[in-house]
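Coordinates in review
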Amino acid sequence: MKTVRLFEAEPVILANYQEKFKYIMVDEYQDTNFAQYMLVKMLADKHRNICVVGDDDQSIYGWRGAEIRNILDFEKDFQNAKVIKLEQNYRSTKNILECANRVIKNNGQRREKALWTQNGDGSPIKVYKAEDERYEAAFIADEIEDCVENGGSYRDFALLYRTNAQSRALEEGLIHKGIPYRIFSGIKFYDRKEVKDALAYLKMIVNPKDSLQVKRVINVPKRGIGDASVEKLERFAESEGISFYEALPLARSEASLKSKAAGFISFYELMEAIKKDVISKKPSHAIEEVLERTGYTAFLNEDQSEAGAARLENIGELINAAAEHENMNEEADLVSFLEEVSLVSDTDSYSENDNYVTLMTLHSAKGLEFPCVFIGGMEEGLFPSYMSTIYGSPEKLEEERRLFYVGITRARKNLYITWAKSRLMHGQIEYKAPSRFLKELGVTGKLPDPVPAEKIRKPLSQGGFTGRKKPRPNRTMQLGMTEMLRPKNASVNYSEGDEVRVPKYGVGRVVSISPAGADFEVAVEFEHKGIKKFMAGLSRISKA
């Protein structure tokens, strides 16, 4: 951006660089943003020797500034440009390419083209309808196991999904089968910082003497307790022969802490009060209450970026894991849930080698290829994403379709597409409709039968096999193409069109209110900030 501004302000400097770079080639041109477009256009304006390579059907980074019009309007910017279509595909079978072409032709913002190949027809595309995400994961694990037993390798398989939070159920399905895997461009679910933070709070409640967990979250979110103060209290605890937690209320006894003692005592009193209230509650409810009262949920909610939204999704997925545990264990409590989490995360310790299943988001998969690809979670509201269908523009929906196209074309020989009739979201069961993209493929008619219930494993700590309790139909409501649970313990005192006040954002107008698990998702339009979405209960929205 600053280089462009320099060139605009100083023509002599621009002329110097135009002479220095007489020939310009740009790869992945569909991913360029406006500043990059201006830079290239200015540099090439004198000699007009420019070649760009790209595929408008693979433009999937609009959310970070990429502008698809750069490649679509190239001939307008550079008159007499020669266009060469590279339509032959050397990677995939005919069936996979036909599948990709059927989907992408539904986009309006694209150049007309159709991939073709001299490869054989290959296997038909397999679409699987699962009862829920556990059945989905079990089906995928079974298919991988069967293929490996018949001579395949784990390295042949990639599991692709729309959001990182989806990896949790898939990881557990692979772990139960003893299948080695690796998360690419991401962190394993139980290794993600926000998940480890949440579990640290729970472990501290169950076992306050676990000093590692106490020290992990004592200043998360910030409470004015620095590392130096923690070290001083730790030395005090060691000299007194007590645990770090037991030393918290005695902080004033350590002279070197002085004014910092109040922070330790306040944290101790907060955790004691929380422990008393949640120790006997179900794990899913305990997680929500602990994170709310410690300020951790508000801390995550402050980050309105894509990364912040992903962290909140991961916390929601942890609540899902707790709710699953409760559904299969009548005596479920915090202790049993933490034991299960420990078993699931510790089991994944295979030896380092290159023979593993790859898990990654569809965005991370761009440019890669695998003999066999599974694309999971093909449901309305998940893929395409809820935001692109409810609040989004046609352009956002087209980008979601391009993302699906990218996923399809990662497969060389075999492609599986899976979706679940219900899925745990924010600790509540939501009923799902198949993605509209499946309808575009013409494959939402007769689908394979669900995996038998006996193939869905109970948690490792329980042994045996079982399925999850079926949800009660009368607890659902219709919203667009998806059925979602009506929040049981949440309410709002405002309606669409009302003005509301949101902390840190000010006054805005309510655009929509939608059920979202145990809470309501509220979209608010602000005069200078555009539309932002919030969880009603967590964001402390009030009527203006």
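Here the structure is a predicted model, which means the values were calculated and not measured. (Residues numbered from 1 in each chain as written. Predicted model: local features only at pLDDT ≥ 70, side-chain atom pairs only at ≥ 80, totals over all residues. Heavy atoms only, no water.)

A closer look at the overall build of the protein chain
- The helix and strand tally for the protein chain stands at 22 helices and 17 strands.
- Here the protein chain holds 544 residues, and the buried ones make up 49% of them.
- Counting contacts in the protein chain only where the partners sit at least 6 residues apart, residues at least 24 apart contribute 71% of the total. (Helix = DSSP H or I, 4+ residues; strand = E, 2+ residues; numbered from the N terminus. Buried < 20%, exposed > 50% of the residue type's maximum accessible area, 1.4 Å probe, protein only. Contact = heavy atoms within 4.5 Å.)

Considering the sheet that holds strand 3 (residues 126-130)
- Strand order in the open sheet made by the 6 strands is 3-8-7-4-6-5, with parallel pairing throughout. Edge positions in the sheet fall to strand 3 and strand 5 (181-183), since each has one partner strand and no second. Here the average twist between neighbouring strands, direction ignored, is 20°.
- Sheet analysis places strand 5 next to strand 6 (residues 357-361), joined by 3 bridges and oriented parallel. What sits directly across from Ile 183, in strand 6, is Leu 359. (Pairing = 2+ DSSP bridges. Axes fitted to C-alpha atoms, helices over the stretch in contact; angles between N-to-C directions.)

What to know about the nonpolar core
- One finds Leu 199, Tyr 201, Leu 233, Leu 248, Phe 264, Leu 318 and Phe 337 to be the most contacted residues of the largest nonpolar core, which totals 46 residues.
- For this core, the element with the most residues is helix 9 (residues 193-206), which contributes 8 residues.
- Setting aside chain neighbours within four positions, we find Phe 337 in contact with Leu 199, Leu 202, Pro 283, Ile 287, Leu 318, Ala 321, Ala 322 and His 325.
- Of all hydrophobic cores here, the second largest spans 34 residues; its members include Ile 60, Ile 104, Ile 375 and Phe 437. (Core = buried A, V, L, I, M, F, W, Y, C linked by side-chain atoms within 4.5 Å.)

Considering the side chain of Arg 402
- Here Arg 402 shows up in helix 20 (residues 394-408).
- Ignoring any residue separated from it by four or fewer positions in sequence, one finds Arg 402 in contact with Asp 56, Asp 57, Gln 58, Ser 59, Ile 60, Ile 68, Ile 104, Asn 107 and Gln 109.

Some words on the packing of aromatic side chains
- In total, this model carries 16 aromatic pairs according to the counting rule given.
- Seen in terms of ring centroids, Phe 7 and Tyr 17 are 5.8 Å apart; in terms of plane orientation they differ by 40°. Their pairing is tilted. Of this pair, Phe 7 sits in helix 1 (residues 2-9) while Tyr 17 sits in helix 2 (residues 11-20), and the two are 10 residues apart along the sequence.
- A relative accessible area of 5% means that Phe 7 is categorised as buried.
- The exposure class of Tyr 17 is partly exposed, given its relative accessible area of 33%. (Phe/Tyr/Trp six-rings, centres within 6.5 Å; stacked < 30°, edge-to-face > 60°.)

Some words on the environment of Ile 50
- Looking at where Ile 50 falls in the secondary structure, it is placed in strand 2 (residues 50-52).
- According to the relative accessible area criterion, Ile 50 is buried, its value standing at 15%.
- Spatially, the C-alpha atom of Ile 50 lies 8.8 Å from that of Val 40, the residues being 10 residues apart in sequence.
- If we skip the residues at most four places from it in the chain, Ile 50 touches Ile 24, Val 40, Ala 44, Phe 74 and Phe 78.

Looking at the packing of helix 14 (residues 283-293) against helix 16 (residues 306-327)
- Following both chains from N to C, one finds helix 14 and helix 16 inclined at 150°, their axes separated by 7 Å at the closest point. On the basis of their axis angle, the class for helix 14 and helix 16 is roughly antiparallel. Residues Pro 283, Ser 284, His 285, Ile 287, Glu 288 and Leu 291 of helix 14 pack against Ile 315, Leu 318, Ile 319, Ala 322, Ala 323 and Glu 326 of helix 16.
- For the contact of helix 14 with helix 16, the residue count by class is 8 nonpolar, 2 polar and 2 charged. (Parallel < 35°, antiparallel > 145°, perpendicular 65-115°, else oblique. Nonpolar A, V, L, I, M, F, W, Y, C, P; charged D, E, K, R; others polar.)

Section: helix 13 (residues 261-278)
- Over its 18 residues, helix 13 extends 26 Å from the first C-alpha to the last, a length consistent with the 26 Å expected when each residue adds 1.5 Å.
- Buried within helix 13 are the following residues: Ala 261, Phe 264, Ile 265, Phe 267, Met 271, Ile 274 and Val 278. (Expected span 1.5 Å × (residues − 1).)

With respect to the side chain of Asp 132
- Mapped onto the elements of the fold, Asp 132 is located in the loop between strand 3 and helix 7 (133-149).
- A polar side-chain atom of Asp 132 sits 3.0 Å from the main-chain amide nitrogen of Tyr 135. (Polar contact = N/O pair within 3.5 Å; in protein donor to acceptor, adjacent residues only side chain to side chain.)

Digging into a negative patch on the surface
- A grouping of Glu 330, Glu 331, Asp 333 and Glu 339 is seen on the molecular surface, where their side chains present a negatively charged patch.
- If you trace the backbone, Glu 330 turns up in the loop between helix 16 and helix 17 (334-347).
- The exposure class of Glu 330 is exposed, given its relative accessible area of 69%. (Patch = residues over 30% accessible without salt bridge, like charges linked within 9 Å, V, L, I, M, F, W, Y side chains within 5 Å. Areas by Shrake-Rupley, 256 points an atom, 1.4 Å probe, with all protein chains shown as cover. Salt bridge = Lys/Arg side-chain N within 4 Å of Asp/Glu carboxyl O. Lys, Arg positive; Asp, Glu negative; His and termini not counted. Charge placed at Lys NZ, Arg CZ, Asp CG, Glu CD.)

Brief notes about the pairing of strand 10 (residues 428-431)
- The two faces of strand 10 match: Gln 428 and Glu 430 on one face and Ile 429 and Tyr 431 on the other face are all buried.
- Pairing of strand 9 (residues 422-425) with strand 10 involves 4 bridges; the strand directions are antiparallel. Looking at the pairing, Leu 424 lines up with Ile 429 of strand 10.

Section: the pattern of salt bridges
- Scanning all chains against the criterion turns up 36 salt bridges.
- In this structure, Arg 111 and Glu 75 form a salt bridge, with 2.5 Å as the shortest nitrogen-oxygen distance. Within this pair, whereas Arg 111 is found in the loop between helix 6 (94-104) and strand 3, its partner Glu 75 is found in helix 5 (residues 74-77), the two being separated by 36 residues in sequence.
- For Arg 111, a relative accessible area of 22% translates into the label partly exposed.
- Judged by relative accessible area, which is 25%, Glu 75 ranks as partly exposed.
- Between Arg 423 and Glu 379 there is a salt bridge; the shortest N-O distance is 2.6 Å. Taken together, the positions of Arg 423 in strand 9 and Glu 379 in the loop between strand 7 (370-375) and helix 19 (386-391) put the pair 44 residues apart, joining distant regions of the chain.
- Residue classification places Arg 423 among the buried positions, given a relative accessible area of 6%.
- A relative accessible area of 0% means that Glu 379 is categorised as buried.

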